[in-house]
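Spelled out from the first residue to the last, the chains are:
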Amino acid sequence: MSQWVDRILSEFPADLARLWIVADPDDVLLDEQVLSGLRERGFEMQPFEDGIVFRAEFEERYRSAWDRGEPGPSRALILHLRGTQVDDLPWDYRRQARRVSLSLSDLFSKLNHTVVRQLGSEMWPALFEAQAEHAHQSLGENATKEFVLTHIFRISPHLITRPEDLWRELLRIHYRELALPPVLANHISQVVGKRAILKRLPVADLFIQKSLALRVVQDAWYRHLAKLGIVGSRVSEPAPPDYVAAIDIPFEHPDVRSYVDSMFLEGTLHPLLVQSVPAAIPDWAKVGLILDPASLRNLVVDGIKALMAELPMLDALHRDWSHFARRLGEVISRFHALDAAQANGIKDSVLALQSSADERLREWVAKHYADLPSLPAAKSPVMVHHVPRFLSMKRGSGESKVALLVFDGLAVDQWIQIRENLARHSQRLVFDEGACFAWLPTLTSVSRQALFSGLRPREFADSIETTSQEPALWSRFWLEHGLKANEVLYRKSIKRNEDLPELEALLSQPAVKVAGLVIDTVDEIVHGAVLGKRGIAKQIDDWCDSGFVGKLMDLLLERDFRVYITADHGNVEAVGSGRPNQGMAPETRGERVRTYRSEALIAEALAVSPLSYRLDIAGLPSGFMPLFAGGRSAFVPAGNQVVVHGGVSVEELIVPFVKVSYLS
C-alpha cells in the first residue's frame, strides 16, 4: 500500500461501526487503490446521489440482514456524500453512523489548494508522498505548480531553453499519457515563452492537446524526410490544413528520436510509404518508413513483442488496462491490414498475445472490477454508465450541445480503422482518444442500457434482457439533469447514407441540446461474419469508403454539437466448445456468456462445460448469474469459428471513448 492509501484507510478501523458517513467534497475516497483496500477490509461503498435509491438499497440488502444478525453483503457500508452537508441526511442514518471527513485541503496542507484541486486524482498518491518528503513549508500558488511539475512530471520549465528540450518533454508526456493539466501547461508556457527561440510556439496547447501535438509532429516528420531527399506516400494521415503551423522538430537529437521511434511502433505516428531510400539515411529513421510490404509486418511483430513484455500486472490500475487496450488495438488493426500470406506467418504470435492479455485481464477483473463503478467520471468515464454523467458535466462547463454516438459492438481495433479512414478523407478532424470499460456480461441489453441510462444494471433489473427501454432511460436521465423532453433526441438503426436526411432534419431543430445515436452497422457486420475479424475489417473499410461516417461527423459538428464516440461492447474471435445440454434453458443465451436465475442450473452448466467459469459481478441484479465461456471459446457447436461478444476479453470489455472535433 502507498502512504496515500494507508493515510485514508487509517480513518476506517474495521470493527468500529457497520454504517459510515463520509463527507468527501473532493472525491478523495474514490481512488482505485483506496476502494480496493476498503473492500479487502470488508467495506462496501454506496454513493448518496439519490436518497430514494440509497434507501431502497440500504434497507433491502444491508439493514434487513443486519437486523437478522446476518453479515449481509459486507461487514460495513459507507454512505459516500459528495459534499459536506451531513446534517441534511436522514436522521436515522446520522444517529447510527460513524462520521469521517476527507478533503484535499487537509491532506495537502502544505500545498496550494487551488492548484491541487485542478490536478487529476491519479496524481494524488505520488504528490502526497512528495509533500511528506520534500515540502518543508507551506507553498504558494506558483511554488506549488513548480513543486508538482518537478516531483510528479519531472519537468523543470526553467531548464527548457532549446527546441530539443521542449520536444523531449512534450513527447515524453504524450507517449506516457501523463495528461498535463491546463494549470501546469499554462505555467510552462509562461516560463518558456520568455525564450526568444520558443516564444512563438503554442506551448500550452501542445502540452494540453495530444491530438494537436501529434498532428504537428506528423507533419514535421514528413517535411524532415523531404529535406533528406525521401519522397513517398503518406500512410493514413493527410496533409495538415494550412492553419496548422509548420513547426520544425529536431528529430536528429537522441532525446527526441527515442520517443519518435516508439510512437511509430505503437501506431501513434504513421510512417511514409516509399519506393527507395538514400543509402545515407540513418537506421533510426527507418522505423518511420515503409520500404516494402515486409516493413508493415515488421512493425506488427515489434508491436507484439513490446506488448507481451508490458502486460499489466494484477495490481495495475484501470488506466494501465485502457492504455494497453488501445495499443493492442493498433497492433491488431495493422495485422488485419497485412495480406493473407504475411498475416498467416504471424497469426500464432497475435493469438498468443491476445490469449495472454485475456488471461491477465480475467485475473484483474476478479479482484478490481467491483471498484470501477464508483470511480469519478469528471476527467473521463471509467465505465460506460459514467458517460451520461460525464456529458452532463461537459454541458455544465460550456458544451451546450452534445452528441453521443454509440457504435454498437465496436472493438478498439475497429475504431482505429474508422479513425484512419476519416483521417484520409478529412484534414479538419482531430480525435482525443481514450477508453472505458463495458459492463459485464458484455451483452447489448446489459451494457448499452447502462450506457444510455447512467445506471448500474441492478437499477434496471426489470428490463435487463431487452433494449426497449433505452429511449425512456436516456430521456429520464436528461430530464433529471434539467433538460426538457423536446431537447433530448434518441435514435437507433442509423447505418447508411440514406439514413442521414431524416437525422439531419431532427438535428436541425433548434430545441435539441442532446442527441443519443446508435450506429448499428458494425454489429450487423459482426453477426453476419463468416471470415473472422479480418473479413470484418474489409467490410468496415468498404462501409467507411461510402463516406457515411465522415458525413455523420460533419452533420453534427457543423451544427455545433460536441461529438463523443463510444461502444457498448467489442467483439472477439472464438472457437466453439459446444453448447451446454440442459433440461431447462438459461434466461439469456449468448455465444460467450449465459445467464441463469438458479444456482442449481448454473452449477449443472458448470459441470457439463469444463471451460466455463463464474464471476460475481457487483452491480448486477440479484439472481442474474452469468456463466462465461473460458479462454477464447464460445457456447456454439464444437470447432465453429465465430466473432462474438458477451465475455471477458480485452477486445470485448474495453471500448473506445473518443471526442471528435474540428482542428482549430
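Quick summary incoming for the structure in this document. Note that the coordinates shown come from a computational prediction; the quantities given were computed from them, not determined experimentally.

Quick notes on the rules
- Residues numbered from 1 in each chain as written.
- Predicted model: local features only at pLDDT ≥ 70, side-chain atom pairs only at ≥ 80, totals over all residues.
- Heavy atoms only, no water.
- Helix = DSSP H or I, 4+ residues; strand = E, 2+ residues; numbered from the N terminus.
- Rg over C-alpha atoms; globule rule 2.2 N^0.38 Å.
- Buried < 20%, exposed > 50% of the residue type's maximum accessible area, 1.4 Å probe, protein only.
- Contact = heavy atoms within 4.5 Å.
- Lys, Arg positive; Asp, Glu negative; His and termini not counted.
- Charge placed at Lys NZ, Arg CZ, Asp CG, Glu CD.
- Pairing = 2+ DSSP bridges.
- Axes fitted to C-alpha atoms, helices over the stretch in contact; angles between N-to-C directions.
- Parallel < 35°, antiparallel > 145°, perpendicular 65-115°, else oblique.
- Left-handed = near helix turned anticlockwise from the far one by under 90°.
- Nonpolar A, V, L, I, M, F, W, Y, C, P; charged D, E, K, R; others polar.
- Core = buried A, V, L, I, M, F, W, Y, C linked by side-chain atoms within 4.5 Å.

1. Thoughts on the overall build of the protein
Then, number 1: What the protein contains, in helices and strands, is 26 helices and 20 strands.
Then, number 2: For 664 residues, the compact-globule formula gives about 26 Å, and the C-alpha radius of gyration of the protein, at 26 Å, lands near that figure.
Then, number 3: Based on the C-alpha atoms only, the size of the protein along its principal axes is roughly 80 × 70 × 50 Å.
Then, number 4: Scored against the burial criterion, the 664 residues of the protein give a buried share of 57%.
Then, number 5: For the protein, the proportion of contacts with a sequence separation of at least 24, taken over those separated by at least 6, is 75%.
Then, number 6: The average position of the 75 basic charges and that of the 86 acidic charges among the side chains of the protein differ by 2 Å.

2. Some points on the environment of Leu184
Then, number 1: Within the secondary structure, Leu184 sits in helix H10 (residues 182-192).
Then, number 2: On the basis of relative accessible area, Leu184 is assigned to the buried category, the value being 0%.
Then, number 3: Measuring from C-alpha to C-alpha, the distance between Leu184 and Ile208 comes to 9.3 Å, with 24 residues separating the pair along the chain.

3. Details of the sheet that holds strand E9 (residues 429-437)
Then, number 1: In spatial order, the strands read E9-E20-E12-E8-E11-E10; together these six strands make up an open sheet with mixed pairing. One side of each edge strand has no neighbouring strand; the edge strands of this open sheet are E9 and strand E10 (488-494). Between one strand axis and the next, the sheet turns through 20° on average, direction left out of account.
Then, number 2: Across six bridges, strand E8 (residues 402-407) lies against strand E11 (residues 514-519) in parallel orientation.

4. Concerning the packing of helix H9 (residues 163-175) against helix H12 (residues 210-227)
Then, number 1: Packing of H9 against H12 leaves a shortest axis separation of 11 Å and a crossing angle of 125°. As far as their axial angle goes, H12 and H9 are oblique. In the crossing of H9 with H12, the sense of the turn from one axis to the other is left-handed. Together, Trp167, Leu171 and His174 of H9 and Lys210, Ala213, Val216 and Val217 of H12 make up the contact between the two elements.
Then, number 2: Here the contact of H9 with H12 is composed, by residue class, of five nonpolar, one polar and one charged.

5. Thoughts on the nonpolar core
Side chains of a nonpolar character, in soluble globular proteins, are inclined to be buried together.
Then, number 1: Ranked by size, the top nonpolar core spans 200 residues in total, and within it Trp4 and Met553 carry the most contacts.
Then, number 2: It is H12 that provides the largest number of residues to this core, a total of nine residues.
Then, number 3: The next biggest cluster of nonpolar side chains, apart from the first, holds 15 residues, and it includes Ile21, Ala23, Tyr62 and Leu89.

6. Some points on the packing of helix H21 (residues 500-507) against helix H24 (residues 548-557)
Then, number 1: The geometry of H21 relative to H24 is characterised by a closest axis approach of 11 Å and an angle of 15° between their N-to-C directions. Considering their axes alone, H21 and H24 lie roughly parallel with respect to each other. Both H21 and H24 take part in a crossing whose hand is right-handed. Between H21, through Leu500, Leu503, Glu504 and Leu507, and H24, the contact on the second element is made entirely by Phe548, Lys551, Leu552, Leu555 and Leu556.
Then, number 2: Here the contact of H21 with H24 is composed, by residue class, of seven nonpolar, no polar and two charged.

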